[in-house]
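So the chains spell out like this:
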Amino acid sequence: MASVGLLATVFDSHNQTYSTTFLELLLCISSSESCKAYERIFDAWALALQLCVDVEDPCSLVDEVHCDLALGIRAAIRSRFPSSRVCLDWAHFVAAVRRTKGPDNEACMFFWK
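Heads up: these notes are all about the structure in this document. A quick note: this is a predicted structure, and the numbers were derived from the prediction, not measured.

A word on the overall build of the chain. Helix and strand counts for the chain come out as three helices and six strands. Across the chain, helices and strands are ordered from the amino to the carboxyl terminus as β-β-α-β-α-β-α-β-β. Across the 113 residues that make up the chain, the buried fraction comes to 24%. A separation threshold of at least 6 residues defines the contact pool for the chain, and within that pool the share at least 24 residues apart is 27%. For the chain, the computed accessible surface area is about 8500 Å², with 57% contributed by carbon and sulfur atoms.

Laid out in structure tokens, this is it:
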């Protein structure tokens, strides 16, 4: 699964503070983590921005890509967003999200603190 979106800075006038929020633009499911699969996802995102909001070259606007260490996504990022940098979010960096079997033998997600 991949979620593609924007990080936006939001000002809270009541508390006089800034915070960062993620605005999801595209949610997709892929059967593989290959470079080609991610390139298709990125191409679909770029095409959607071109058609819906008339952004001429969306790929040139990407500064950061948050992802895991999969080789496929890293190759696709180099291919589609050559001027961007890869940022490992905290959960991926420390492997804080892991799958395990629960007491009822169904997959459960555990989040470490």
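There is more to say after this.
We now examine the side chain of E39. Note that E39 resides in helix α1 (residues 35-53). Once residues within four sequence positions are removed from consideration, E39 is found in contact with A76, S79 and R80.

Further remarks concern the nonpolar core. Membership of the largest hydrophobic core comes to 18 residues, with the highest contact counts inside it found for Y38, I41, F42, W45, I73, I77 and F81. When contributions to this core are tallied by element, the ones reaching two or more residues are β1 (2-12), α1 and α2 (71-80). The biggest single contributor to this core is α1, with six residues. Discounting residues that sit within four places of it in the chain, I73 has contacts with E33, Y38, F42, C67 and D68.

Inspection of the sheet shows β1 paired to strand β2 (residues 17-28) by eleven bridges, in the antiparallel sense. For A2, the partnering residue across the bridge sits in β2 and is C28. Here β1 hands over to β2 after four residues, with Q16 in that stretch at a positive phi of 55 degrees.

Among the residues of α2, G72, I73, A76 and I77 are the ones counted as buried. End-on view of α2: buried residues confined to an arc of 135 degrees, all on one side of the axis. Every exposed residue of α2 that faces more than 90 degrees away from the buried side is listed here: L71 and R78. Where α2 is buried, its residues meet α1, β3 (64-66) and β4 (85-87).

Before going further, it helps to examine the pattern of salt bridges. All told, the structure shown has three salt bridges when counted by the stated rule. Among the salt bridges present, the one from D43 reaches R80, with a minimum N-O distance of 2.7 Å. Separated by 37 residues along the polypeptide, D43 in helix α1 and R80 in helix α2 bring together distant segments of the chain. The exposure class assigned to R80 is partly exposed, which follows from its relative accessible area of 23%. One salt-bridge network, in which partners are shared between bridges, spans E39, D43 and R80.

What counts, and where the lines are drawn
Residues numbered from 1 in each chain as written. Predicted model: local features only at pLDDT ≥ 70, side-chain atom pairs only at ≥ 80, totals over all residues. Heavy atoms only, no water. Helix = DSSP H or I, 4+ residues; strand = E, 2+ residues; numbered from the N terminus. Buried < 20%, exposed > 50% of the residue type's maximum accessible area, 1.4 Å probe, protein only. Contact = heavy atoms within 4.5 Å. Areas by Shrake-Rupley, 256 points an atom, 1.4 Å probe, with all protein chains shown as cover. Core = buried A, V, L, I, M, F, W, Y, C linked by side-chain atoms within 4.5 Å. Pairing = 2+ DSSP bridges. Arc of directions from axis to C-beta. Salt bridge = Lys/Arg side-chain N within 4 Å of Asp/Glu carboxyl O.

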